[in-house]
Amino acid sequence: ALEPLSVSLAIGVAWALTGYLSHPNFYCRYVECCPGDGHRINATALKARLDAKLFGQHLAKDVALKAVIGFSNNPNPKKPLTLSLHGWAGTGKNFLSQILAEHVHPAGLHSKFVHLFLATLHFPHQDQVKLYQEQLQNWIRGNVSACPHSVFIFDEMDKMHPGLIDAIKPFLDYYEQVDRVSYRKAIFIFLSNAGGDLINKAAFDFWLSGKRREEIQLKDLEPMLSVQVFNNQNSGLWHSSLVARNLIDYFVPFLPLEHKHVKMCVRAEMTARGYAVDEKIVEAVADEMTFFPKEQKIFSDKGCKTVQAKLDIHEDF
């Protein structure tokens, strides 16, 4: 027969072990968990990452940093955070959205709480907009129910069928709950090339007037940008209730990149590949890019989008 003391000790150890293994901190070391309400984004780490990785975008960095940190530190936001990023390809919109996602959920785009939608892939057919709207609502409702801190990224907004995005309007509005689900802790990010021409013109006008691009402020672009995408039938936000109801918190402009910014991208890519930075190669890759306007050749017409491919042909160096 077992001694009563031995039995009691065994039971105590078993209870203690069970409690330890079932503790959320232990479980979440091995399985991704949704952040709790006390979770806060590390502002210092996010700023350092943006400074080190996102080049030539003082406006986007400043707005995104303040918006996301302010939202993260607010224990009771009145609505989800909604950002709309605009600018030509290769200026850093996707990069910024990925960085923000990684600072909410460390796995970033691989996280089960981060959801990326591509207009041409997920919503290809105009005649199925009603179906897409229903599917989108169900997907967002289900995922926010599972994790209130979900992040939703909508890429290629300028290719999205008009009216489709209005399906998520109830989730972005100032409601405490919708069908017993609160969406106030979620983040929605829209990415679009729409408005790029307006942003480029503003940057060129600043250059012509002898001003530094760093002098461009959000107030110089955001009002015009919101109006343009609202009236642009190919913006994905054409006559959208999201704009009409002021549910988009910030329209974030991405400026066209200059020659010096392209070289920063080349250096960063070389470092990421484990190469020593060779300025001859940096200059060679940057010189292979094309720039506009035709006469002045100030801004890269593809941003940094083709830097990786162009660096590939210099591998033998």
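Preceding this section is the structure that the text describes.
Computed from a predicted model, the values in this text were never measured in an experiment. (Residues numbered from 1 in each chain as written. Predicted model: local features only at pLDDT ≥ 70, side-chain atom pairs only at ≥ 80, totals over all residues. Heavy atoms only, no water.)

As for the nonpolar core
Core analysis: the largest hydrophobic core is formed by 74 residues, its most contacted members being Ile140, Phe154 and Ile168. With 9 residues, the single largest contributor to this core is helix 4 (residues 58–73). Excluding residues within four positions of it along the chain, Phe154 makes contact with Phe117, Leu136, Ile140, Met160, Ile165, Ile168, Phe188, Ile189, Phe190 and Leu191. Counting residues in each nonpolar core, the second largest holds 15 residues, with Phe55, Cys265, Val282 and Ala286 among its members. (Core = buried A, V, L, I, M, F, W, Y, C linked by side-chain atoms within 4.5 Å. Buried < 20%, exposed > 50% of the residue type's maximum accessible area, 1.4 Å probe, protein only. Helix = DSSP H or I, 4+ residues; strand = E, 2+ residues; numbered from the N terminus. Contact = heavy atoms within 4.5 Å.)

Considerations on the pattern of salt bridges
Scanning all chains against the criterion turns up 16 salt bridges. Its salt-bridge partner being Arg49, residue Glu102 comes within 2.8 Å of it at the nearest N-O pair. Note that Glu102 is positioned in helix 5 (residues 93–104) and Arg49 in helix 3 (residues 43–53), a separation of 53 residues in sequence. (Salt bridge = Lys/Arg side-chain N within 4 Å of Asp/Glu carboxyl O.)

Section: the sheet that holds strand 4 (residues 187–192)
Taken in spatial order, the 5 strands make up an open sheet running 2-3-4-1-5, and their pairing is parallel. Both edges of this open sheet fall to strand 2 (114–118) and strand 5 (250–253), since each of them pairs with a single strand only. In this sheet, adjacent strand axes meet at a mean angle of 15 degrees when their direction is disregarded. For strand 3 (residues 151–155) and strand 4, the ladder comprises 4 bridges, and the chain directions are parallel. For Phe154, the partnering residue across the bridge sits in strand 4 and is Phe190. Running at roughly 165 degrees to strand 4, helix 5 makes contact with strand 1 (81–86), strand 2, strand 3 and strand 4 of the sheet. Across the face of the sheet, helix 10 (residues 218–231) comes into contact with strand 1 and strand 5 while running at roughly 110 degrees to strand 5. (Pairing = 2+ DSSP bridges. Axes fitted to C-alpha atoms, helices over the stretch in contact; angles between N-to-C directions.)

Some words on the packing of aromatic side chains
One pass over the structure, following the stated rule, counts 9 aromatic pairs. Between Phe117 and Phe123, the aromatic rings sit 6.1 Å apart at their centres with planes inclined by 25 degrees, giving stacked as the arrangement. When its relative accessible area of 9% is taken as the criterion, Phe117 is described as buried. Classification of Phe123 by relative accessible area gives buried; the value is 5%. When the centroid spacing of 5.6 Å and the interplanar angle of 65 degrees are considered together, the rings of Phe123 and Tyr132 count as edge-to-face. Take Phe123 and Tyr132: they sit in the same class, and that class is buried. Joined through ring pairs, the aromatic side chains of Phe117, Phe123, Tyr132, Phe154 and Phe190 make up one cluster. (Phe/Tyr/Trp six-rings, centres within 6.5 Å; stacked < 30°, edge-to-face > 60°.)

Comments concerning empty space enclosed by the protein
As enumerated under the stated definition, the model contains 3 cavities of 30 Å³ or more in all. Its boundaries defined by the atoms lining it, the largest cavity holds a volume of some 150 Å³. Taken together, 13 residues line the largest cavity, and the ones lying closest to its centre are His39, Phe71, Ser72, His149 and Lys185. Class assignment for the residues of the lining of the largest cavity results in 6 nonpolar, 4 polar and 3 charged. (1 Å grid on protein atoms, 1.4 Å probe; cavity = no way out; pocket = protein on both sides within 12 Å on 5 of 7 lines; lining within 4 Å. Points joined across faces, edges and corners; volume = space filled by probe spheres on them. Nonpolar A, V, L, I, M, F, W, Y, C, P; charged D, E, K, R; others polar.)

A few points about the state of the cysteines
Taken as a whole, this structure holds 3 disulfides when the rule is applied. Note on cysteine connectivity: Cys28 is disulfide-linked to Cys33, with sulfurs 2.0 Å apart. Between Cys28 and Cys33 the sulfur-sulfur dihedral comes to about -95 degrees; the bridge is accordingly left-handed. Taking only the cysteines that form disulfides and numbering them from first to last, the protein chain has the pattern 1-2, 3-4, 5-6. (Disulfide = S-S within 2.5 Å.)

Observations concerning the layout of surface pockets
Computed from the structure, the largest pocket encloses a volume of approximately 720 Å³. Contributing to the lining of the largest pocket are 27 residues, with Gly90, Gly92, Phe95, Cys304 and Lys305 lying nearest its centre. For the lining of the largest pocket, the elements supplying multiple residues, two or more each, are helix 3, helix 5, strand 4, helix 12 (259–272) and helix 14 (307–312). Looking at which element gives the most residues to the lining of the largest pocket, the answer is helix 12, with 4 residues. Residues that form the lining of the largest pocket fall into these classes: 11 nonpolar, 7 polar and 9 charged. For the lining of the largest pocket, the domains that each give at least three residues are domain 1 (43–254) and domain 2 (259–314). (Domains from an automatic or database assignment.)

Concerning helix 7 (residues 129–146)
For helix 7, built from 18 residues, the straight-helix expectation of 26 Å at 1.5 Å per residue is met to within 8% by its first-to-last C-alpha distance of 26 Å. For helix 7, the set of buried residues is Val129, Tyr132, Gln133, Leu136, Ile140, Asn143 and Val144. All buried residues of helix 7 project into a common sector of 115 degrees when viewed along the axis, lining one side. Facing away from the buried side of helix 7, by more than 90 degrees, are the exposed residues Lys130 and Ala146. Contact partners of the buried residues in helix 7: strand 2, helix 6 (119–122), strand 3, helix 8 (169–172) and strand 4. (Expected span 1.5 Å × (residues − 1). Arc of directions from axis to C-beta.)

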